[in-house]
Amino acid sequence: MTPQKRPLAVLGAGSWGTALAMLIARRDQPVLLWDYNPEHVAALETERRNSRYLPNFELPRQIIPIANLASVTTQTREFVIAVPSHAFRATLSALRESIPELDHRWRFCWGTKGLEATSGKLLNEVFDEVIGQSVMRAVLSGPSFAREVAAHLPTALTVAANNQVEAEQFAGWFRDHRTRIYTSGDLAGVQLGGAIKNVMAIAAGISDGLGFGANARSALITRGLAEMVRLGVTLGGRADTFQGLAGIGDLVLTCTDNQSRNRRFGLGLAKGASVEEARNTIGQVVEGYYAAKAVYKVATRLKVEMPIVEQIYRVICEGVAPREAVATLLRRPLTPE
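Notes on the structure in this doc start here.

Thresholds, definitions, all that
Residues numbered from 1 in each chain as written. Predicted model: local features only at pLDDT ≥ 70, side-chain atom pairs only at ≥ 80, totals over all residues. Heavy atoms only, no water. Helix = DSSP H or I, 4+ residues; strand = E, 2+ residues; numbered from the N terminus. Buried < 20%, exposed > 50% of the residue type's maximum accessible area, 1.4 Å probe, protein only. Contact = heavy atoms within 4.5 Å. Polar contact = N/O pair within 3.5 Å; in protein donor to acceptor, adjacent residues only side chain to side chain. Salt bridge = Lys/Arg side-chain N within 4 Å of Asp/Glu carboxyl O. Core = buried A, V, L, I, M, F, W, Y, C linked by side-chain atoms within 4.5 Å. Pairing = 2+ DSSP bridges. Right-handed = clockwise from strand over helix to strand, strands pointing away. Axes fitted to C-alpha atoms, helices over the stretch in contact; angles between N-to-C directions. Parallel < 35°, antiparallel > 145°, perpendicular 65-115°, else oblique. Left-handed = near helix turned anticlockwise from the far one by under 90°.

Let us look at the environment of D186. On the secondary structure map, D186 appears in the loop between β10 (179-184) and α8 (187-209). Take D186: its relative accessible area is 4%, and that puts it in the buried class. Considering only alpha carbons, one finds D186 and A160, 26 residues apart in sequence, at a separation of 6.0 Å. Beyond its immediate stretch of four places on either side in the chain, D186 contacts A160, G236, G237, R238 and T241. Within polar-contact distance, the side chain of D186 engages the side chain of T241 at 2.5 Å.

In this structure the tally under the stated criterion is 19 salt bridges. The partner of R105 in a salt bridge is D103, with the nearest N and O atoms 2.7 Å apart. Look at the salt bridges and you will find they share partners, linking R89, E116, K121 and E129 into a network.

Another point: the nonpolar core. Within the largest apolar cluster, 49 residues are counted, with the highest numbers of intra-cluster contacts made by I196, F265, L269, M306 and I312. Of all the secondary structure elements, the ones that give two or more residues to this core are α8, α9 (213-234), α10 (245-256), α11 (261-270), α12 (275-282), α13 (287-302), α14 (307-318) and α15 (322-330). Dropping the residues within four chain positions of it, I196 is found in contact with M228, L231, V295 and M306. Counting residues in each nonpolar core, the second largest holds 36 residues, with F57, V80, L157 and F174 among its members.

To continue, consider the side chain of R263. When you line up the elements, R263 lands in helix α11. Look past the residues within four positions of R263 in its chain and what remains in contact with it is A201, A204, G205, D208, R217, T254, C255, T256, D257 and N258.

Turning our attention to the pairing of strand β1 (residues 8-11). Of the two faces of β1, the one holding L8 and V10 and the one holding A9 and L11 are both buried throughout. As judged from the 4 bridges shared by β1 and strand β2 (residues 31-34), these two strands associate in the parallel manner. By the bridge assignment, L11 is partnered in β2 with W34.

On to the pairing of strand β7 (residues 107-110), then. Here strand β6 (residues 78-81) runs beside β7; their pairing, made up of 4 bridges, is parallel. Within β7, the position partnered with F79 by the bridge is F108. Considered for its hand, the β-α-β crossover made up of β6, helix α4 (residues 88-98) and β7 is right-handed. Examined bridge by bridge, β7 and strand β8 (residues 136-141) share 4 bridges and lie parallel to one another. Bridging across to β8, R107 finds its partner in M136. For the handedness criterion, the β-α-β arrangement of β7, helix α5 (residues 123-130) and β8 is classed as right-handed.

Taken together, 8 strands build an open sheet; the order of strands is β5-β2-β1-β6-β7-β8-β9-β10 and the sheet is mixed. Of all the strands in the sheet, just β5 (63-66) and β10 have a single pairing partner and so form its edges. Sheet twist, expressed as the mean angle between neighbouring strand axes with direction ignored, is 25 degrees. Bridge count between β8 and strand β9 (residues 155-161): 4 bridges; the pairing is antiparallel. Opposite S141, over in β9, you have T158 as the bridge partner. Here helix α1 (residues 15-25) sits on the sheet and contacts β1, β2, β5, β6, β8 and β10; the angle it forms with β2, its principal contact strand, is near 175 degrees. Lying over the sheet, helix α7 (residues 164-174) contacts β1, β6, β7, β8, β9 and β10, oriented at roughly 165 degrees with respect to β10.

Let us look at the packing of α8 against α9. Where α8 contacts α9, the axes come no closer than 9 Å and their chain directions differ by 155 degrees. Between α8 and α9, the angle falls in the class roughly antiparallel. The two elements α8 and α9 meet at a crossing, and its hand is right-handed. Residues L192, G193, I196, K197, M200, A203, A204, S207 and D208 of α8 form the contact with α9, whose own contacting residues are G213, A216, R217, L220, G224, E227, M228, L231 and G232.

Have a look at this one:
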């Protein structure tokens, strides 16, 4: 008899966490899919699908919905964290309370994209503060809509860790014949690409919602990449990281397809919806809303010029009209590219 595999836990049963759980389960890997909401977990268990976020996909038999985090930590030492960025620290704190002793046998990979909104810290900095550095940790990022991952369509992602050996070990959790996983040692760069692209997607949605066309969208993506590199390198990322999947790859995807919540949020703002109305219409977390605040604060503190981020911040936080924000960008003094 083949010994039963130890399960791997996915924390967060939204669309992205559920899609990652499905991806992992296809490798005949048992998955504990945890969520903080017991009612949501009960529905997953009864219906065998995520009716709220991914209603068209049946959960593989290997996925076990679970609401008791302490029970999860008694069954596995391997975790994928897929909660929204604003819940990242609280989830880690609850996780830490459930683990009696941490050492190198514990492994954590997060697919959360963003910065900590209140502090502007990278999520690996938050992780180190709460969990520590005695464990193996990595981040998963890249151009990926949850629905397409759940449908097992071809996808390419990046896993970043402290070194190549660790990155390869984490990559094995997700890699299969339709999912290419590249590896990187640039934790800062991969995380910043995943955070900043959401802000740029709001800008692209606003531009398209105002009817400014393909030329303007292309310019926003190109100049958005320049801003991403500028801040990324300042914070220790490598410039070449932003030319890859976690940078330009995710940026193009999120700015150009209406599966992107952030892009749809921008479209709503352009059509005259208030910030809260546009967020409520999406019905899920709009990461760019939080990222715009965090990235703007960090860029201001470090004196890094990010004019697109600045205008999205002003639209979201200061009530500037989207059309006026675009006009401000167009009035900026011309400089060499």
